[in-house]
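# What the coordinates show
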Amino acid sequence: MGDLSLLSPMLELRETSLEILANTDVQAKVSQLYHLFDEYQHQHIALNLSASLDAQELILPGRPLKPELVPPLQAPKRRMTTVEGRAILLHSLAHIEFNAINLALDAIWRFPNMPDQYYEDWLKVAKEESYHFTIVNEHIRSFGFTYGDFPAHNSLWEMVERTKDAVIARMALVPRTMEARGLDAVPMIRDRFKQIKELTAVDILEIILRDEVGHVAIGNHWFNFLCAKEGLSPISAYRDLARKYCAPKLRGPFNLEARRQAGFSEEELSLLGV
Ligand SMILES: [Fe+2]
Ligand SMILES: [Fe+2]
């Protein structure tokens, strides 16, 4: 009997990313994504740069019924002194990682006509976010809870939604604004776990910090690429986009070393919080 897989049409990266983004089952989303990443590395997945895809009736992102989404101020308090408080803190991180999987998939399917490397970069981000989600959720489970057990706020995804009309706005405001805030916040959370000698959480946060520098660097690379292509100055383009799309005002303390590693220029660093 012949190999039937030879007869089936090759899957396409951007279409498949949209399908995975719409999947409401967290575990299925993560495992499909790992599979997509591996198949792409083995050149079993096509890449159509120019297709303008349409989400049609899909609800994006696909997400489970829980967690319940609430405004940021109604999100539950994260007290380090109780197991539940620590689980709530890690749960808020798990929700960010879940939305980070979704934002990387969204960057792949939504924006056509970028170079191959753009799609490959975001596929790598999506895989790393799946890993972050998985290790954070495994740790929450060791406390007797799981993803969905606490309410969560959705500011990261709201910025993804707001910037769906322009890839330059997406790069400016999602990786190099929202994810870059993670570079400032993660070391502080890590140190709180270090103080109580919760070393598994410390290790997880170190992995996240290391990888997030790379994600922000990818955002910087493609933002600068788009600015150069359109003859814009990155500084003034960012200022205009931040105003137009109502970016949150950045507040320190800033992790200048990580931001520098992620490719922000000295001029950009000097303007932080201004
Ligand atoms: Fe992450
Ligand atoms: Fe990330």
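Quantities reported herein were computed from a predicted structural model and do not represent experimental measurements.

### A look at the coordination of the iron ion (ligand 2)
The protein atoms that coordinate the iron ion (ligand 2) are Glu129 (OE), Glu179 (OE), Glu212 (OE), Glu212 (OE) and His215 (ND1), at distances of 1.9 to 2.6 Å. One chain supplies every donor to the iron ion (ligand 2), and in sequence these donors are spaced E-x49-E-x32-E-x2-H. Between the iron ion (ligand 2) and the iron ion (ligand 1) the interatomic distance amounts to 3.6 Å, and Glu129 serves as a bridging ligand to the pair. One end of the pair is Glu212 and the other is His215, both in helix 7 (residues 199-230) and three residues apart, which spans about a single turn. The class for His215 is buried, based on a relative accessible area of 1%.

### So, the pattern of salt bridges
This model, assessed by the stated rule, comprises nine salt bridges. Between Glu128 and Lys124 there is a salt bridge whose closest N-O contact spans 3.4 Å. Of this pair, Glu128 and Lys124 both sit in helix 4 (residues 116-142), four residues apart, roughly one helical turn. A salt bridge links Asp184 to Arg259; the shortest N-O distance between them is 2.8 Å. Placement of the pair is Asp184 in helix 6 (residues 167-195) and Arg259 in helix 9 (residues 256-261), with a sequence separation of 75 residues.

### Describing helix 6
The first and last C-alpha atoms of helix 6 sit 41 Å apart over 29 residues, in line with the 42 Å expected at 1.5 Å per residue. The buried fraction of helix 6 amounts to 21 of the 29 residues, a majority that puts the element mostly inside the structure. Phi turns positive one or two residues past the end of helix 6, at Lys197, with a value near 60°.

The rules behind the values
- Residues numbered from 1 in each chain as written.
- Chains lettered and ligands numbered in written order.
- Predicted model: local features only at pLDDT ≥ 70, side-chain atom pairs only at ≥ 80, totals over all residues.
- Heavy atoms only, no water.
- Donors = N, O, S within 2.8 Å, 3.2 Å for Na, K, Ca; no water.
- Helix = DSSP H or I, 4+ residues; strand = E, 2+ residues; numbered from the N terminus.
- Buried < 20%, exposed > 50% of the residue type's maximum accessible area, 1.4 Å probe, protein only.
- Salt bridge = Lys/Arg side-chain N within 4 Å of Asp/Glu carboxyl O.
- Expected span 1.5 Å × (residues − 1).

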